[in-house]
Structures are given as C-alpha cells and as structure tokens.
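The lines below spell out each chain.
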Protein chains: 2
Amino acid sequence: MGEGVEWALHSCVNLAWAGPDRAVSAARLAAWHDLPTAYLNKQLQALARAGIVTSAPGPRGGFRLARPLADISLMDVVAAVEGPEEAFRCAEIRQQGPGGGPAASYAAECAVAQAMGRAELAWRRELAAQSLDDVRQQAERQAPDAPRQLRDWLASR
Amino acid sequence: MGEGVEWALHSCVNLAWAGPDRAVSAARLAAWHDLPTAYLNKQLQALARAGIVTSAPGPRGGFRLARPLADISLMDVVAAVEGPEEAFRCAEIRQQGPGGGPAASYAAECAVAQAMGRAELAWRRELAAQSLDDVRQQAERQAPDAPRQLRDWLASR
DNA sequence: ATAACCTGGATACTAGATATCCAGATTAGA
DNA sequence: TCTAATCTGGATATCTAGTATCCAGGTTAT
Ligand code: SF4
Ligand code: SF4
C-alpha cells in the first residue's frame, strides 16, 4: 500500500474544505502537509485521469473536486492511485517442476487464488461502502476548526 | 503481498497430501514446484515459529503439519509469513506542515486510518473464515490424482 | 507578454522483497 | 562412534517496485 493513497485521500478532503470556487495548486496542497510537491502532483494527475478531480492550468488554476465528496468512495481513490492490480499475484507455481503436469495446465484458477480473491473482494467492498464524506464528517468532529484554518491559510497567499 | 505466501499455502497442502507419517524436507518441497530452496526454507521456518508446522532435523527429518488442515485458516498462514504489519501504514501527515497544529496532535487515530482499518479487518475476517482444508478439497476436485502423484514422487527418492 | 500552473516523460534514489551462503546444532542410521 | 542429512539463523548480495526530482512542453488569467 503506497503512501500516495493517504496523500490523495487527505488532499480530496482538503479540496472539499477549500470549497468549489477556489482551485488549489499542487504546490499548496503539498505545502499544507509538507509533502514532496512533484510527487504529490503525480497522484493528483492520477485522480484527474480517474475523473475524481478536475485540473486547470494557468494562474488561479489548480485542482478542484469533480463531484461532491459523498459521491467519492475510498475505493475510487485507491483504485485511481494504486492501479487495478490485485494484491495477491498468482505466479502459477503449481505448473512448475515435477508437480505441474499437463493435467492441471488447463484447469481454471486454482483454489488458493480463488480464496485470496474472495478476501480481496471483501476488502474492496468495504472500501466502496465508505464515502469520503463520512471521512470528512468524522475529521471535522475530531478537529472542528480544521476547515477554517485551511481556508485562512489559503487566503493568505 | 509477497509470493512467499503462495509458496507457504501450497506447501501446507502438499504436506497434508504427503501424510502425517512422512516428514518432507525443504529441499523436496522446493523441488516439487521448482522454487529456490533456501528462500522457501525461510518461509517454512516462519510457519514453524507460528506453530503451523513442526520441524525436525537430521536424516528422515523435515517438516510436517502441526495440526489438521481444517484447523489452519488462510489468515494463520498469511500472518505467519507476512508479519503483523497492516497494509495501510499511517504516516501521520496531518501533523506535518502548517496544517498540523497541537489541536490535532492528541486526537485519536484519524478518520482515514480508521476507514482503512475497517476494510483491512474485512479482509482478515474473510481469510480467517477459509480453512486450508477447503482449499485442499477444491484442489483435489480440479486435479484428483495430484495427491497420489506427489506421494509417488516422494517415495521415489 | 508574462508568470502561474498542469502534463508527461526521463531519470535518479531508496527501501523492501527476493535469493544465496555459511557456520552451527541436532538426529537417524550404519 | 561416526557420517550424512537436515533444520536454524545470521550475514550478505541482488533485484524490483515505490519514492522523489527534474525538465521541456502546453495552457490560461491578468
Ligand atoms: S493459481 Fe494457485 S498455483 Fe497458480 S499461482 Fe495462484 S495460488 Fe499458485
Ligand atoms: S491518521 Fe490520518 S492523517 Fe495520520 S497518517 Fe493516518 S491517514 Fe494520515
């Protein structure tokens, strides 16, 4: 699990707090949490390609949310940043060595891979069930003046 | 997800097929699927430390299952091989930069981390719900003579 | 026209996973 | 008792994927 996921999630919540009128540049989003600007920019580009945020060049440009937080699930962000690969990669070892005859060659996905696939599906379902708005609400409960702090800081630039 | 997990899972099923009387050396288990002997040995050591298999040195030594396959869940094996670390590691970025004041410093685990934790819990639960005996049964359905092949090959050594 | 900004490719750096090696310790069997 | 097979565990090397930086474009507000 790359830490780009965490950056992307926090950035989305920050964009929501900044409001829909104001576009925020990658440089500012990065500075807010002291992250490497160029690298965070890559994650934001991935979010843009996935249609989660929109991007605009030029002065007063930057990123803003493409849709309300309630319509963005954690799964959307994870898929956008981490790519579509499964965590468990089948290397087909059962077909190597003396054990792997042609008998097993044409069989379907083996039992191990299926079991791991079911577990990963449960993980995805749970991520898909939680929206970024849920996250935002709880974050505001823990730090009620975080949104105002961010807006003030953005305004002072 | 390291591929040692896959090796360990297949090795456990192979040990079950070999039977409880015969201990199988790491070298033979590795040769069966053409895996690097020394490295597979490390995964088997991890399984031994976790109490999933027992090990015995000396001639006629090797590994055997510590308990029936039905009492070993996929989660047991994954935890033994991959360690206890969570896939999502919280880097506490919210406390870095201008955004992280002392206000948030003492707050509990943030909303993002909690949400990811819930998803990972669902994954673990699904893994814990599936026993290695389920896997064995389906594997035998796909390749009914795999157990006999393995026993024959082991006997011819 | 200028400066602020995104895009995307090329490149370097780094940490972790993969793989090998060796010097003990243990035990079955001759 | 001696030998050979085997596990144990630390040290080390290699490889891969994640992390990070840079630059040469292209776009747009002022
Ligand atoms: S399908 Fe089964 S044997 Fe093949 S790589 Fe996946 S887990 Fe291993
Ligand atoms: S607790 Fe929240 S802010 Fe801190 S590292 Fe985890 S996800 Fe990021």
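See the structure above.
Owing to the predicted nature of the structure, the values given are computational and were not obtained by experimental measurement. For every chain, the first residue of its written sequence is number 1, and the numbers climb from 1 along that sequence. The naming scheme follows written order: chains are lettered A onward, ligands numbered 1 onward. The model is predicted, so local features are restricted to residues of pLDDT at least 70 and side-chain atom pairs to those at 80 or more, both for listing and for counting; the totals for chains, interfaces and linings are taken over all residues. The basis for the side-chain values is all heavy atoms of the structure; hydrogens and waters are excluded.

> Explain the overall build of chain A to me, please; I cannot follow it from the model alone.
If you tally the helices and strands in chain A, you get 8 helices and 2 strands. Going from N to C terminus, chain A has its helices and strands arranged as α-α-α-β-β-α-α-α-α-α. We compute the radius of gyration over the C-alpha atoms and compare it with the globule rule, which gives 2.2 Å times the number of residues raised to the power 0.38. Over its C-alpha atoms chain A spans a radius of gyration of 20 Å, topping by over 25% the 15 Å that the globule rule assigns to 157 residues. Dimensions of chain A, computed from the C-alpha atoms along their principal axes, are close to 70 × 35 × 25 Å. Taken across its 157 residues, chain A has 45% of its residues classed as buried. Only DSSP runs of H or I reaching four residues or more are called helices, and only runs of E reaching two or more are called strands; each is numbered from the N terminus. Relative accessibility decides the category of a residue: with a 1.4 Å probe and only protein chains considered, values under 20% of the type maximum give buried, values over 50% give exposed, and everything between is partly exposed.

> Please clarify how the nonpolar core should be interpreted in this entry.
Proteins that are soluble and globular tend to have nonpolar side chains buried together. Leu47(A) and Leu47(B) are the most contacted members of the largest nonpolar core, which has 96 residues in total. Sequence-distant contacts of Leu47(B), defined by excluding residues within four places in its chain, comprise Ala8(B), Cys12(B), Ile52(B), Val53(B), Val77(B), Ala80(B) and Val81(B). Definition of nonpolar core: a set of buried residues of the types Ala, Val, Leu, Ile, Met, Phe, Trp, Tyr and Cys, connected through side-chain atoms within 4.5 Å. Here a residue-residue contact requires only that any non-hydrogen atoms of the pair lie within 4.5 Å.

> Sorry, what's going on with the protein's contact with DNA strand D here?
Near DNA strand D, the surroundings consist of 25 residues, among which Pro36(A), Pro59(A), Ala26(B), Lys42(B) and Ser55(B) are the closest. We call a residue near a molecule or strand whenever a single non-hydrogen atom of that residue lies within 4 Å of it. Per the 4 Å cut-off to the protein, sugar and phosphate atoms form 56% of the nearby atoms of DNA strand D. Polar contacts, as counted here, are pairs of nitrogen or oxygen atoms within 3.5 Å of one another; within protein the pair requires one atom able to donate a hydrogen and one able to accept it, and residues that are adjacent in sequence qualify only if both atoms are side-chain atoms. Contact distances for DNA strand D include 3.1 Å between a phosphate oxygen and a backbone N or O atom of Glu3(A). Lys42(B) places a side-chain nitrogen or oxygen 2.9 Å from a base oxygen of DNA strand D. Broken down by secondary-structure element, the contributors of at least two residues to the surface near DNA strand D are α3 (37-49) of chain A together with α2 (26-33), α3 (37-49), β1 (53-56) and β2 (62-65) of chain B. Class assignment for the residues of the surface near DNA strand D results in 11 nonpolar, 9 polar and 5 charged. The residue classification treats Ala, Val, Leu, Ile, Met, Phe, Trp, Tyr, Cys and Pro as nonpolar and Asp, Glu, Lys and Arg as charged. All others, Gly included, are polar.

> Help me understand the packing of α2(B) against α3(B) in this model?
Between two packed helices, both the angle of their axes relative to each other and the distance between the axes serve to describe the pair. All names here are of chain B. At a minimum axis separation of 9 Å, α2 and α3 run at an interaxial angle of 115°. Classified by chirality, the crossing of α3 by α2 is right-handed. Residues Ala-26, Ala-27, Leu-29 and Ala-30 of α2 form the contact with α3, whose participating residues are Thr-37, Leu-40, Asn-41 and Leu-44. Split by residue class, the contact of α2 with α3 holds 6 nonpolar, 2 polar and no charged. In this analysis an axis means a line fitted to C-alpha atoms, helices contributing only their contacting stretch, and an angle means the value between N-to-C directions, from 0 to 180 degrees. For any helix crossing, the convention is left-handed if the near helix is rotated counterclockwise from the far helix by under a right angle, and right-handed if that rotation is clockwise.

> What exactly am I supposed to notice about the environment of Leu154(B) here?
Residue and element names in this part refer to chain B. Relative to the elements of secondary structure, Leu-154 occurs in helix α8 (residues 146-155). Note on Leu-154: relative accessible area 6%, which makes it buried. Counting along the chain gives 39 residues from Leu-154 to Ala-115, while the straight-line C-alpha distance between them is 48 Å. Sequence-distant contacts of Leu-154, defined by excluding residues within four places in its chain, comprise Ala-18, Arg-22, Val-24 and Arg-28.

> What is the right way to look at the site of ligand 2 in this model?
What surrounds ligand 2 is the set Glu6(A), His10(A), Cys90(B), Ala91(B), Glu92(B), Ile93(B), Arg94(B), Cys110(B), Val112(B) and Ala113(B). Ligand 2 sits at the junction of chains A and B, each of which supplies nearby residues. When the residues that make up the shell around ligand 2 are grouped by side-chain class, the tally is 6 nonpolar, 1 polar and 3 charged.

> Which parts of the structure should I look at to understand the site of ligand 1?
Taken together, Cys90(A), Ala91(A), Glu92(A), Ile93(A), Arg94(A), Cys110(A), Val112(A), Ala113(A), Glu6(B) and His10(B) are the residues near ligand 1. At the site occupied by ligand 1, nearby residues are drawn from chains A and B. Every definition here rests on a 1 Å grid over the protein atoms only: cavities are sets of points where a 1.4 Å probe fits but cannot get out, pockets are open sets enclosed by protein on both sides within 12 Å along at least five of seven lines, and lining residues have some atom within 4 Å of a point. For a molecule to be placed in a cavity or pocket, more than half of its atoms must lie within 2 Å of the grid points of that cavity or pocket. The cavity that encloses ligand 1 is the second largest cavity. Counting only elements with at least two residues in the shell around ligand 1, the list comes to α6 (111-129) of chain A together with α1 (4-18) of chain B.

> Which parts of the structure should I look at to understand the side chain of Ser131(A)?
Residues and elements named next belong to chain A. One can find Ser-131 in the loop between α6 and α7 (132-142). With relative accessibility at 13%, the residue Ser-131 sits in the buried group. What Ser-131 contacts, discounting residues up to four positions off in sequence, is Leu-69, Ala-70, Ile-72 and Ser-73.

> I would appreciate a short explanation of the packing of α2(B) against α8(B) in the present structure.
Residues and elements named next belong to chain B. Where α2 meets α8, the axes come as close as 12 Å, and the angle between the chain directions of the two elements is 125°. Relative to α8, the element α2 lies oblique. Remark: the crossing between α2 and α8 carries right-handed chirality. Contacts between α2 and α8 involve Arg-28, Ala-31 and Trp-32 on the former and, on the latter, Gln-149, Leu-150, Trp-153 and Leu-154. The residue makeup of the contact of α2 with α8, split by class, is 5 nonpolar, 1 polar and 1 charged. When describing relative orientation, an angle under 35 degrees is termed roughly parallel and one over 145 degrees roughly antiparallel, while 65 to 115 degrees is termed roughly perpendicular and anything else oblique.

> What am I meant to see in the relation of the copies chain A and chain B here?
Taken together, a rotation about one axis and a shift along it account for how the two chain copies relate. The atoms used to superpose the copies are C-alpha atoms, taken from residues with pLDDT of at least 70 in both, and the fit is least squares. In the superposition of chain A on chain B (RMSD 0.0 Å, axial shift 0.0 Å), the rotation amounts to 180°. Taken together, the rotation and translation relating the two chain copies correspond to the operation of a two-fold axis. For chain A, the smallest separation between a C-alpha atom and the rotation axis is recorded for Trp123(A), amounting to 2.5 Å. The fraction of interface residues of chain A whose copies in chain B are also interface residues reaches 100%, indicating that both copies meet through the same surface.

Honestly, it's all geometry; don't read function into it.
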